[in-house]
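# Structural overview
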Amino acid sequence: MTDGKTSLPRTDGTNGALQVESATVEARLKEIENKVDKGNGRSAFTWILDILKTLLPSVVLVILGYALKDSVDQALREREIQLAAVKEMETLVPDLQKTDLARPDAQAKAAQLAAYGQYSVPFFVNILEVGNQNAAVGAEDGLRMVARSEPQVVCATLQTVIQNRTGLYRWQTHLSALEILGQASCTKACRDVASFRDTMSSLNNYQQWVSSPPIQTEYDKISQQASDTFAQLNRTKPGDCK
């Protein structure tokens, strides 16, 4: 029997199956109809806005999640490639640091090292610092080789070299960096080259910048190279040198 109130689902004591009485079904249908009737007064645009408000946070989180995952995966892959390249290059670098290295051998080893592209650039800069004269020639050739395919990496690295004023580099490394910056058309380094040229000012001042103080003739050579590099870059892209 019913007492006018909505009957609740009841369980058949024989088999435990859930039986829904007709009154319950009718009540539920009526409830749905009422909701639909109320919704008819709202525009489709309002419904769309409600849906978007509900879904937007989830969509944004999904997009950000994928973007972050891709960035992390890419960084990890790049790091793995770098470590593999460094491991392989370690077999070539010691040969370029030998004190009795002949020029043809230095150039041959540098060509092999340059095949690793951007990953070889820090090694070449180090060879400029610690290698003999033939090794330095090989390192310069290697940097030029890499600059033909990946100029941004070479330019940024050598720009950092000439920015240093703390004695981290020898004057010979400054000289090589200035020369290659001009040859590789590193126009973004133009202002740093101009600053280098203008602030080295004198032999005594410049000697405080480098780990191996030059003599006057060596200083003059560096000063001239700074002027030549600036003029070269200014011809290539004058706007970057203002």
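This is a predicted model, so every value here is computed, not measured.

Cut-offs applied
- Residues numbered from 1 in each chain as written.
- Predicted model: local features only at pLDDT ≥ 70, side-chain atom pairs only at ≥ 80, totals over all residues.
- Heavy atoms only, no water.
- Helix = DSSP H or I, 4+ residues; strand = E, 2+ residues; numbered from the N terminus.
- Buried < 20%, exposed > 50% of the residue type's maximum accessible area, 1.4 Å probe, protein only.
- Areas by Shrake-Rupley, 256 points an atom, 1.4 Å probe, with all protein chains shown as cover.
- Axes fitted to C-alpha atoms, helices over the stretch in contact; angles between N-to-C directions.
- Parallel < 35°, antiparallel > 145°, perpendicular 65-115°, else oblique.
- Contact = heavy atoms within 4.5 Å.
- Nonpolar A, V, L, I, M, F, W, Y, C, P; charged D, E, K, R; others polar.
- Left-handed = near helix turned anticlockwise from the far one by under 90°.
- Phe/Tyr/Trp six-rings, centres within 6.5 Å; stacked < 30°, edge-to-face > 60°.
- Salt bridge = Lys/Arg side-chain N within 4 Å of Asp/Glu carboxyl O.
- Core = buried A, V, L, I, M, F, W, Y, C linked by side-chain atoms within 4.5 Å.
- pLDDT = per-residue confidence, 0-100.

In terms of helices and strands, the chain carries eleven helices and two strands. Listing every helix and strand of the chain by position from the N terminus yields β-β-α-α-α-α-α-α-α-α-α-α-α. For the chain, the residues scored as buried account for 32% of the 242 residues in total. Surface exposure of the chain reaches about 15,200 Å², of which carbon and sulfur atoms provide 56%.

Now for the packing of helix α6 (residues 133–149) against helix α7 (residues 151–163). As a packed pair, α6 and α7 sit with axes 6 Å apart at the nearest point and diverge in direction by 130 degrees. In terms of orientation, α6 lies oblique with respect to α7. Between α6 and α7, the contacting residues are Leu-143, Val-146, Ala-147 and Ser-149 on the first element and Pro-151, Val-154 and Leu-158 on the second. Taken together, the residues of the contact of α6 with α7 break down into six nonpolar, one polar and no charged.

Quick look at the packing of helix α4 (residues 103–114) against helix α5 (residues 121–130) now. Relative to each other, α4 and α5 sit at 155 degrees, their axes nearing to 10 Å. With respect to their mutual orientation, α4 and α5 come out roughly antiparallel. Crossing hand, α4 versus α5: right-handed. Touching Ala-110, Leu-113 and Ala-114 of α4 are Phe-123, Phe-124 and Ile-127, all from α5.

With the rule as written, the count across this model stands at four aromatic pairs. Ring centres 5.9 Å apart and planes at 70 degrees place the aromatic pair Phe-196 and Tyr-206 in the edge-to-face group. Of the two residues, Phe-196 sits in helix α9 (residues 190–200) while Tyr-206 sits in helix α10 (residues 203–207), which places them ten residues apart along the sequence. Residue Phe-196 shares its accessibility class with Tyr-206, and that shared class is buried.

For Gln-159, the location among the structural elements is in helix α7. According to the relative accessible area criterion, Gln-159 is buried, its value standing at 18%. For Gln-159, the residues in contact, after removing those within four places along its chain, are Leu-181, Lys-188, Ala-189 and Asp-192.

Okay, the pattern of salt bridges next. If you walk through the whole model with that rule in mind, you get six salt bridges. Its salt-bridge partner being Arg-144, residue Glu-179 comes within 3.6 Å of it at the nearest N-O pair. Of this pair, Glu-179 sits in helix α8 (residues 171–183) while Arg-144 sits in helix α6, and the two are 35 residues apart along the sequence. Between Asp-198 and Arg-197 there is a salt bridge, and its shortest N-O distance comes to 2.8 Å. You can call Asp-198 partly exposed: its relative accessible area is 49%. Its relative accessible area of 26% is what places Arg-197 among the partly exposed residues. Linked by salt bridges that have partners in common, Glu-140, Asp-141, Arg-144 and Glu-179 make up one network.

Membership of the largest hydrophobic core comes to 52 residues, with the highest contact counts inside it found for Leu-113, Phe-124, Leu-158, Phe-196, Tyr-206 and Ile-222. Every residue in contact with Phe-124, bar those within four places of it in the chain, is listed here: Ala-110, Leu-113, Ala-114, Gly-138, Ala-139, Gly-142, Leu-143 and Val-146.

This part is about unusual backbone geometry. A positive phi angle, close to 55 degrees, is found at Ser-185, a residue other than glycine. Its location among the elements puts Ser-185 in the loop between α8 and α9.

Here we take up the confidence of the model for the chain. Per-residue pLDDT for the chain has a mean of 80; in total, 64% of the residues score no lower than 70. Considering only residues more than four positions removed or in separate chains, one finds that residues 13–20, a stretch of pLDDT under 50, has eleven contacts.

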